[in-house]
Amino acid sequence: MQSWSSPDNPVLPGTGGPLRLYDTATGEVRPTAPGPTAKIYVCGITPYDATHLGHAATYLAFDLVQRVWLDAGHDVHYVQNITDVDDPLLERAKDTGTDWKSLAERETDLFRADMTALRALPPRDYVGVVESVEEIADSVAALLKESLAYRLGDDIYATTEGSGHFGYESRYSHEEMLQLFAERGGDPEREGKRDPLDALLWRGRRAGEPFWDSAVGQGRPGWHIECSVIARSRLGMSFDVQGGGSDLRFPHHEHSAAHAEALTGQWPFARHYVHAGMIGLDGEKMSKSRGNLVFVSKLRGAKVDPMAIRLALLDGHYRSDREWTGGRLPAAEKRLAEWRRAVRSPMAPDGSAVLDQVRDRLADDLDTESAIAAVDRWAASTLQQDAGDTDERSPKLVRDTVDALLGIEL
């Protein structure tokens, strides 16, 4: 599947420091330790609606991970999937009388346009489920062969025992897992399952639903196995970061890891599991099921500067749940205008301190609030014309710093 175009990314003088990130599996902020090529997998959208601000906040967080790694001298291999066949997509297509393939293509195109406008660095591999059905089915067949999966009617389920480490990623209790599994697409009460937490690997053919002929029969992939297979086949095991929203901590990331570990006999699936917080509106998580969405495309259609949207979403720690309130966007628009005025001022103070501070703060678990505050201080000093000795290169250095590390074009 085609990715989106990459924005120009300035190269900054010197080299940034190593990135430390909070790892859900250990409950600690730990250094990432990539080799020459840093490897990251981020779970993509199910394209049955446009990109909302919750999506955007998650993808911008992992865009920052890429930017910090690039600044530290690493190449980055970024993989993102797109769940272009799944129950929510099929249900929306049926409800609207739309062909499911056309719906997926339309919303995927809109997602690409939104990511381009927000200047998110694109994945090297952007992989759809539809194009991956054969390799997913082969993995399901391998689990069946090793008795790490079983048939239940026309469906196939994975056992939770195959990994030998089930539960390490999310660190939830059994009771918490059961509750979340029921709330987030699982079927813990299905009769005949060996364990209520066993996850669907392959959905057998159903009337009126798309299906494929495969090594395990007619049907289509389950949700968790798709990311397990796509990430492992492109990045191998023990890649650097598995990312997504905090609602993917369980069951999706737990089962994705367990499937890959069962298939390979290797552990762990990823060396960091990193989760972004939720964006709320009126005290509730922003989600399609609640109908309280603010769409990136609608804001762009209303002529809101995408850089103001990006800045508003970065003004808050990526792991924190936060509200999209009426004042968040106007505050970002005002800040953006001040930064743009400052980088055009002949009175700009030395910008090297801004580069050092932004680098330092982002390397510490993506502390965007402190990084933004550093640029604020520089801009305020400039606009007050209290700069002292000036350096004609400083405005460009700050402009490039904000662009390369925060992804905001001034």
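Just so it is clear, the structure is predicted and the values come from calculations on it, not from any experiment.

(A) Up close: the overall build of the protein chain. Regarding its fold elements, the protein chain presents 13 helices and 14 strands. Rg of the C-alpha trace for the protein chain: 22 Å, near the compact-globule value of 22 Å for 410 residues, within the 12% margin. When its C-alpha atoms are laid out on the principal axes, the protein chain stretches across 75 × 45 × 35 Å. When the 410 residues of the protein chain are sorted by exposure, 57% land in the buried category. A total of about 16,900 Å² of accessible surface is found on the protein chain, and carbon and sulfur atoms cover 46% of it. Within the protein chain, the 65 negative side-chain charges are centred at a point lying 2 Å from the centre of the 47 positive side-chain charges.

(B) Representation of helix H6 (residues 223–235). Its 13 residues place the ends of H6 19 Å apart at the C-alpha level, agreeing with the 18 Å of an ideal helix rising 1.5 Å per residue. When H6 is considered as a whole, its buried residues turn out to be His-224, Ile-225, Glu-226, Cys-227, Ser-228, Val-229, Ile-230, Ala-231 and Leu-235. Residue Gly-236 follows H6 closely and has a positive phi angle near 80 degrees.

(C) Looking closely at helix H1 (residues 53–71). Under the 1.5 Å per step criterion, the end-to-end length of H1 is 26 Å for 19 residues, consistent within 8% with the ideal 27 Å. The element H1 is extensively covered by neighbouring structure, given that 18 of its 19 residues are classed as buried. At the exit of H1 stands Gly-73, carrying a positive phi of roughly 100 degrees.

(D) Structural view of the sheet that holds strand S7 (residues 155–158). As summarised here, the arrangement of the four strands in space is S6-S7-S8-S9, forming an open sheet in which the pairing is antiparallel. A single partner strand is all that each edge strand has here, and the edge strands are strand S6 (149–152) and strand S9 (219–221). Geometrically, the sheet is characterised by an average inter-axis angle of 25 degrees between neighbouring strands, direction not taken into account. Of the strand pairs in this sheet, strand S8 (residues 199–204) and S9 are connected by three bridges, and their pairing is antiparallel. Considered in S9, the bridge of Trp-202 is made with Pro-221.

(E) Representation of the sheet that holds strand S11 (residues 273–276) in the model. Strand order in the open sheet formed by five strands is S5-S4-S3-S10-S11, with parallel pairing between adjacent strands. This sheet does not close on itself; its edge strands, each paired only once, are strand S5 (125–128) and S11. Strand-to-strand twist of the sheet, defined as the mean angle between neighbouring strand axes without regard to direction, takes the value 20 degrees. Across the sheet, helix H7 (residues 249–264) touches strand S10 (241–245) and S11, and the angle it forms with S10 is around 155 degrees.

(F) Main features of the packing of helix H2 (residues 87–96) against helix H3 (residues 100–117). Between H2 and H3, the least distance of the axes is 9 Å, while the angle of their chain directions is 110 degrees. Comparing the axis directions of H2 and H3 gives the class roughly perpendicular. Contacts between H2 and H3 involve Leu-89, Leu-90, Arg-92 and Ala-93 on the former and, on the latter, Trp-100, Leu-103 and Ala-104. Among the residues making up the contact of H2 with H3, the classes are represented as six nonpolar, no polar and one charged.

(G) Just the pairing of strand S4 (residues 75–82), in detail. Most of S4 sits inside the fold, with seven of its eight residues counted as buried. Where strand S3 (residues 37–42) lies against S4, six bridges are found, and the strand directions are parallel. Following the sheet pairing, Lys-39 is matched in S4 by His-77. Considered for its hand, the β-α-β crossover made up of S3, H1 and S4 is right-handed. Judged from the four bridges that link them, S4 and S5 form a sheet pairing that is parallel. Bridged to Gln-80 within S5 is Tyr-126.

Analysis parameters
- Residues numbered from 1 in each chain as written.
- Predicted model: local features only at pLDDT ≥ 70, side-chain atom pairs only at ≥ 80, totals over all residues.
- Heavy atoms only, no water.
- Helix = DSSP H or I, 4+ residues; strand = E, 2+ residues; numbered from the N terminus.
- Rg over C-alpha atoms; globule rule 2.2 N^0.38 Å.
- Buried < 20%, exposed > 50% of the residue type's maximum accessible area, 1.4 Å probe, protein only.
- Areas by Shrake-Rupley, 256 points an atom, 1.4 Å probe, with all protein chains shown as cover.
- Lys, Arg positive; Asp, Glu negative; His and termini not counted.
- Charge placed at Lys NZ, Arg CZ, Asp CG, Glu CD.
- Expected span 1.5 Å × (residues − 1).
- Pairing = 2+ DSSP bridges.
- Axes fitted to C-alpha atoms, helices over the stretch in contact; angles between N-to-C directions.
- Contact = heavy atoms within 4.5 Å.
- Parallel < 35°, antiparallel > 145°, perpendicular 65-115°, else oblique.
- Nonpolar A, V, L, I, M, F, W, Y, C, P; charged D, E, K, R; others polar.
- Right-handed = clockwise from strand over helix to strand, strands pointing away.

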